[in-house]
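Structural overview
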Amino acid sequence: MPRITPLTAPYPESMVATLDRLTPEGGEAPMIFRIVGTSERALKKFFDGALPDKGPLPMRERELVIFRTAAQIGADYEWGMHAALYAERCDIGEDELNALAKRSPDEGGWSEANAAMLAAVDELVETRHLTDESFARLSDYFTSDQIMEIVQLVGFYNAVAIIVGAFDISPEPGTPPIPR
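Residues numbered from 1 in each chain as written. Predicted model: local features only at pLDDT ≥ 70, side-chain atom pairs only at ≥ 80, totals over all residues. Heavy atoms only, no water.

1. Here we look at the environment of Leu 97
The criterion, for reference: Numbering of helices and strands starts at the N terminus; helices are DSSP runs of H or I of at least 4 residues and strands are runs of E of at least 2. In what follows, a contact means two residues having at least one pair of non-hydrogen atoms within 4.5 Å.
Among the secondary structure elements, Leu 97 is positioned in helix H6 (residues 94-102). Sequence separation between Leu 97 and Pro 179 is 82 residues, and the spatial gap between their C-alpha atoms is 7.8 Å. Residues in contact with Leu 97, not counting those within four places in the same chain, are Phe 67, Trp 79, Ala 87, Ile 92 and Pro 179.

This is how it looks when you write it as structure tokens:
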């Protein structure tokens with residue numbers, strides 16, 4: 001059981017629309033939202049930081065960044081949620097998921113642009129810094145807005161992993177773990 005008692009339906013009136021939008025038919029909203037939602041302010045800040053809008057990166061590249069970040073930091077909760085909800089929608093198949101989890105960016109059969117992006121994720125996770133060479137490599141394929149989005153996604157999903165770990169939130173039922 002998580003360390004904070006999660007919200008249960010019926011949700012507080014101020015959160016009904018938000019949590020209902022995230023709730024699968026016949027189920028409950030994902031646990032992370034029900035835990036973070038115990039503080040209305042925290043849930044608002046969470047979504048403000050999540051970059052939930054249509055950003056400058058195509059959805060597929062956005063998801064590749066999230067998957068690679070999750071794999072690099074061992075974030076099974078986020079991996080599972082994104083595998084269940086977005087992999088198929090973004091045409092990310094099992095071979096690519098395995099490559100994201102197990103191979104270096106230059107070994108996964110990625111395009112040059114995606115290899116540069118995934119290598120940047122690895123560098124950000126490992127050092128929280130991009131070398132001039134990595135930034136130049138990214139700049140060959142991505143705009144400044146897209147690079148900012150990549151960096152913010154890596155930072156946000158590191159923060160999500162901290163929330164999940166701090167409150168001992170188990171992966172959602174039926175979601176897959178990171179391939180080992």
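2. With respect to the packing of helix H7 (residues 112-127) against helix H8 (residues 132-139)
Threshold: Angles run from 0 to 180 degrees between N-to-C directions of axes, and those axes are lines fitted to C-alpha atoms, restricted for helices to the stretch in contact. Should the near helix be turned anticlockwise from the far one by less than a right angle, the crossing is left-handed, and should it be turned clockwise, the crossing is right-handed.
Following both chains from N to C, one finds H7 and H8 inclined at 145 degrees, their axes separated by 9 Å at the closest point. The chirality of how H7 crosses H8 is left-handed. Across the interface between the two elements, Glu 112, Ala 115, Ala 116, Met 117, Ala 119, Ala 120 and Glu 123 of H7 pack against Ser 134, Arg 137 and Leu 138 of H8.

3. Overview of the packing of aromatic side chains
How two aromatic rings sit relative to each other is given by the distance of their centres and the angle of their planes. Our working rule: Think of it this way: a Phe, Tyr or Trp ring, Trp meaning its six-membered ring, pairs with another when their centres are within 6.5 Å, and the plane angle makes it stacked under 30 degrees, edge-to-face over 60, tilted otherwise. Residue burial is assigned from relative accessible area. The probe radius is 1.4 Å, only protein chains are included, and a residue is buried under 20% of its type maximum, exposed over 50%, and partly exposed in between.
Summed over all chains, the structure comprises six aromatic pairs. Here the aromatic rings of Phe 46 and Phe 156 are separated by 5.2 Å at their centres, their planes lie at 65 degrees, and the arrangement is edge-to-face. Pair noted here: Phe 46 is in helix H3 (residues 40-49) and Phe 156 is in helix H9 (residues 144-166), with a separation of 110 residues, a long-range link. A residue is classified by how much of its surface remains accessible, and Phe 46, at 10% relative accessible area, is buried. Note on Phe 156: relative accessible area 12%, which makes it buried. Measuring from ring centre to ring centre gives 5.0 Å for Phe 156 and Tyr 157, while their planes differ by 90 degrees; the resulting arrangement is edge-to-face. Three or more aromatic residues joined by ring pairs make a cluster, and in this case those are Phe 33, Phe 46, Phe 47, Phe 156 and Tyr 157.

4. Section: helix H5 (residues 76-85)
Along H5, seven of the 10 residues are buried, which leaves the element largely enclosed by surrounding structure. If you check which residues of H5 are buried, you get Tyr 77, Glu 78, Trp 79, Gly 80, Met 81, His 82 and Ala 83. Looking at the buried positions of H5, the neighbouring elements they touch are helix H2 (31-36), helix H4 (59-73), H6 and H9.

5. Quick notes on the environment of Ser 39
Examined against the element boundaries, Ser 39 turns out to sit in the loop between H2 and H3. The spatial distance from the C-alpha of Ser 39 to the C-alpha of Glu 149 is 26 Å, given a sequence separation of 110 residues.

6. Some remarks on the environment of Phe 33
You can see Phe 33 is positioned in helix H2. Phe 33 sits 16 residues away from Ala 17 along the chain, and the two C-alpha atoms are 13 Å apart. With residues near it in sequence (within four places) discarded, Phe 33 still touches Leu 19, Leu 22, Leu 43, Phe 46 and Phe 47.

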